[in-house]
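Letter by letter, the chains look like this.
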Amino acid sequence: MRSVIFAVLMFVISCSASKEPAPVADPETARDLAAGKIVGFSNETGAHVWRGLPFAAPPVGELRWRAPRPAVAWQGERQALEFGAECTQLTNVYSVGEKQGTIVGSEDCLYLNVFAPSMSAQEAAAANFPVMVWVHGGGNVWGSAAPYDFSALAARENVIVLTVQYRLGPFGWFAYERLAEGSDLQADQSANFGTLDLIAALEWVQENASAFGGDPARVTVFGESAGGHNTVALLASPMAKGLFHRAIVQSGSFDSFSFKEAWEGELSANPAKSILKTLGTEDPSALRQISAEDVFAAYGAAGTGGFLELPRIIEDGVALPEGPLRGAFRSTENFNAVPIITGTNRDEMKLFQILDPAYTRRFFGTLVQAKDPEMYQATSDYQSRLWRVRAVDWPADQMAGAGHTEVYAYRFDWDDAGSILFSDFEFLFGATHSVEIPFITGDFEFFGPLDRFLFRKSNEADRLALSATMMAYWASFARDGKPSAPGEADWQAYTEGPAPFVLRLDAPSDGGVEAIKEGDSFERLFSDLRGDSGLSSDEQCQIVDGMAVWVPQEEAQYKELSSC
């Protein structure tokens with residue numbers, strides 16, 4: 001099941017690469033940064049774009065499994081026209097042009113990209129626009145910043161958007177105390193190197209945002225899926241305090257592993273202790289000389305289908321508190337209590353179910369049909385609700401109870417995809433995981449070949465209207481910490497209790513954007529499941545078993561609540 005989850009997420013990332021012609025340097029994009037001069041390009045949206053800007057030194061050699069160091073300055077003018085290399089990762093069956101399980105990318109990958117409204121360097125110096133820093137998803141084991149084009153958001157809403165990369169998989173998260181040997185830097189004692197990379201990117205923003213017209217005192221971190229999970233980690237990190245001022249968590253997670261669990265393992269796959277045994281050395285210097293191929297081999301990469309499983313977001317007491325990540329949000333003294341948006345999509349789980357042979361059958365590689373439509377829908381309903389409880393209601397209740405009143409919740413409901421023959425994508429996808437991203441970027445080239453079914457001419461007016469509304473909400477939140485959109489529903493803060501305020505985001509033809517009073521909880525979810533007369537007890541427990549795959553540490557709780 002986990003391989004299916006990772007496969008579908010990689011499908012989203014690998015199918016969304018840009019098809020634009022090679023960019024040409026535009027002299028108007030010349031800027032002076034702390035590390036040197038750069039020039040970018042203009043694109044068809046009217047935005048200015050800079051790609052492949054290093055925000056830290058390459059974490060290679062002796063800097064592998066170290067906190068990021070400052071970027072090295074350069075001489076002359078750097079052409080920022082091409083993306084930096086993606087971070088080292090494994091391909092899978094959905095990677096274009098690569099054999100499944102192939103190692104791609106580079107450990108030299110700490111680069112970011114900038115999107116800004118068109119303006120001269122002099123205009124940028126006076127602009128003072130809010131800054132938004134996007135953290136990509138991909139399970140923290142693969143993905144890159146390249147597929148996400150925020151030109152439309154930047155040009156339409158006068159915001160500066162950065163997309164950043166961070167170390168992935170075993171290079172991003174590794175719990176071994178001896179890695180810090182030979183260093184007096186406290187950050188080197190962390191196990192969350194990917195998190196430290198994001199902190200370094202935020203420090204780079206503080207130093208360089210003004211060159212692009214950005215206000216370093218108004219920085220919003222936002223991300224989806226693993227990017228949302230990493231945004232939560234930044235909210236809890238004492239090292240990130242003061243580096244950002246708002247946060248948006250899209251379909252994220254509030255989970256973490258203890259350092260002991262990540263080192264020794266019980267519920268977690270591939271703990272560091274067993275990896276060192278496989279590698280045959282505990283010497284940090286020797287570990288930094290081992291090839292990436294040998295590191296991946298130690299994780300059994302050849303048998304994973306390209307999808308590594310390992311502990312990530314680790315309670316190391318350095319980048320993150322020692323206790324569970326969720327616990328940090330019970331007190332405003334324990335997390336960076338900035339204004340927060342958190343939300344999920346109504347049918348999150350359908351993206352994972354559609355390629356799971358337990359739920360669907362495929363014909364000619366493209367056509368898909370649900371084996372049991374009722375069970376398909378029920379599984380999505382209950383498991384998607386669980387995602388919402390864990391990512392929205394539970395943490396928002398905790399924060400509201402702690403006195404943090406600047407928390408806003410949403411539910412994304414757009415589900416107007418089309419169909420081909422017997423493949424009803426409106427049903428099969430619904431408001432699935434990650435489908436909200438194009439509405440925020442304004443770029444509907446996202447799912448590759450599926451775009452023509454999901455984003456059709458017949459739904460163009462509705463989705464463009466919803467996209468404009470969502471971009472307005474996100475950008476206004478970046479400006480002043482309160483999400484608003486002209487002529488749309490007043491987005492009030494989440495309130496603790498059984499019927500909190502939630503903003504429902506949908507197309508105008510399906511009710512549009514509206515305020516609803518709707519809460520959920522573990523108890524309510526499992527009570528509904530137990531009382532669902534349309535499901536047999538075996539089917540109910542099959543749904544619960546699927547929940548436990550996602551969160552094995554909570555399996556006993558789910559079994560008890562469901563009577564399975």
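A brief structural summary. Along each chain, numbering runs from 1 in the same order as the chain's sequence is written. It should be noted that, the model being predicted, local features are given only for residues of pLDDT at least 70 and side-chain atom pairs only at 80 or more, the latter also being counted only at that level, while totals for whole chains, interfaces and linings use all residues. By convention in this description, side-chain values take in all heavy atoms of the structure and omit both hydrogens and water.

## Description of the environment of Pro395
Step number 1: Strands are runs of DSSP state E lasting at least two residues, helices are runs of H or I lasting at least four, and both sets are numbered from the N terminus onward. Take Pro395: it is sitting in helix 12 (residues 373-401).
Step number 2: Remark: the alpha-carbon pair of Pro395 and Arg330, spanning 65 residues in sequence, is separated by 8.3 Å.
Step number 3: With residues near it in sequence (within four places) discarded, Pro395 still touches Phe254, Arg326, Val389 and Arg390. Two residues qualify as a contact provided that any one of their heavy atoms is within 4.5 Å of a heavy atom in the partner residue.

## Topic: the packing of aromatic side chains
Step number 1: Ring geometry is summarised as follows: Phe, Tyr and Trp rings, the Trp one being its six-membered ring, pair when their centres sit within 6.5 Å, and such pairs are stacked at plane angles under 30 degrees, edge-to-face over 60 and tilted between the two. Inspection of the entire model under this criterion finds 37 aromatic pairs.
Step number 2: Seen in terms of ring centroids, Phe171 and Phe296 are 5.9 Å apart; in terms of plane orientation they differ by 65°. Their pairing is edge-to-face. In this pair, Phe171 sits in helix 4 (residues 169-172) while Phe296 sits in helix 10 (residues 292-298), placing the two residues 125 residues apart along the sequence.
Step number 3: When accessible area is computed with a 1.4 Å probe and restricted to protein chains, residues below 20% of their type maximum are described as buried, those above 50% as exposed, and intermediate ones as partly exposed. The class for Phe171 is buried, based on a relative accessible area of 4%.
Step number 4: For Phe296, a relative accessible area of 3% translates into the label buried.
Step number 5: We call a charge positioned above a ring when the Lys NZ or Arg CZ atom is no farther than 6 Å from the ring centre and deviates by at most 35 degrees from the ring normal. Taking the ring centre of Trp65 as reference, the NZ or CZ of Arg64 above it sits at 5.4 Å.
Step number 6: It is Arg463 that lies over the ring of Phe444; its NZ or CZ is 4.7 Å from the centre.

## Digging into helix 17 (residues 522-530)
Step number 1: Among all positions of helix 17, only Phe522, Leu525, Phe526 and Leu529 are buried. Buried residues of helix 17, viewed axially, fall in a sector of 85°; they line one side. Think of it as the arc spanned by the lines of direction from the helix axis to the C-beta atoms.

## Looking at the state of the cysteines
Step number 1: Defined by distance alone, a disulfide is two cysteine sulfur atoms within 2.5 Å. According to the stated counting rule, one finds two disulfides in the structure shown.
Step number 2: The disulfide bridge from Cys87 ends at Cys109, spanning 2.0 Å between sulfur atoms. An S-S torsion of about 90° defines the bridge between Cys87 and Cys109 as right-handed. With Cys87 in the loop between strand 5 (77-79) and strand 6 (89-90) and Cys109 in the loop between strand 7 (103-104) and strand 8 (111-117), the pair connects residues that are 22 residues apart, well separated along the chain. One exposure class covers both Cys87 and Cys109, and it is buried.
Step number 3: With a sulfur-sulfur separation of 2.2 Å, Cys541 is cross-linked through a disulfide to Cys564. The S-S bond linking Cys541 to Cys564 shows a torsion near -100°; that makes this disulfide left-handed. Linking Cys541 in helix 18 (residues 537-550) with Cys564 in the segment after helix 19 (555-562), this pair joins segments that are 23 residues apart in sequence.
Step number 4: Assessed through its relative accessible area of 22%, Cys541 is described here as partly exposed.
Step number 5: When the bonded cysteines of the chain are counted from the start of the sequence, the pairing works out to 1-2, 3-4.

## Focus: unusual backbone geometry
Step number 1: Within the chain, Ser225 stands out as a residue other than glycine whose phi angle is a positive 60°.
Step number 2: Looking at the secondary structure, you find Ser225 in the loop between strand 11 (214-224) and helix 6 (226-236).
Step number 3: For Ser225, a relative accessible area of 10% gives the class buried.
Step number 4: The backbone of Asn270 shows a phi angle near 55°, a positive value even though the residue is not glycine.
Step number 5: Structurally, Asn270 is set in the loop between helix 7 (259-264) and helix 8 (272-279).
Step number 6: When its relative accessible area of 23% is taken as the criterion, Asn270 is described as partly exposed.

## Let's talk about the sheet that holds strand 15 (residues 340-345)
Step number 1: Pairs of strands are assigned from DSSP output, requiring at least two bridges between the strands. Taken in spatial order, the 11 strands make up an open sheet running 3-4-8-10-9-11-12-15-18-21-22, and their pairing is mixed. The open sheet has two edge strands, strand 3 (41-42) and strand 22 (514-517), and neither has a second partner.
Step number 2: What counts as an axis is a line fitted to C-alpha atoms, over the stretch in contact for a helix, and the angles between N-to-C directions run from 0 to 180 degrees. Sheet contacts for helix 12: strand 15, strand 18 (407-412) and strand 21 (501-505); angle to strand 15, the most-contacted strand, approximately 155°.

## Things to note about the packing of helix 18 against helix 19
Step number 1: Packing of helix 18 against helix 19 brings their axes to within 9 Å, and their N-to-C directions diverge by 160°. Taken as axis vectors, helix 18 and helix 19 run roughly antiparallel relative to one another. Crossing of helix 18 over helix 19 shows right-handed handedness. Taking contact as the criterion, the partners of Val544, Asp545, Met547 and Ala548 in helix 18 are, on helix 19, Glu555, Tyr558, Lys559 and Ser562.
Step number 2: Split into classes, the residues belonging to the contact of helix 18 with helix 19 amount to four nonpolar, one polar and three charged. Oblique is the label for every angle not falling under 35 degrees (roughly parallel), over 145 degrees (roughly antiparallel), or within 65 to 115 degrees (roughly perpendicular). Crossing handedness is defined as follows: a turn of the near helix away from the far one that is anticlockwise and smaller than a right angle gives a left-handed crossing, while the clockwise case is right-handed. Gly is put with the polar residues, along with every residue not named as nonpolar or charged; the nonpolar set is Ala, Val, Leu, Ile, Met, Phe, Trp, Tyr, Cys and Pro, and the charged set is Asp, Glu, Lys and Arg.

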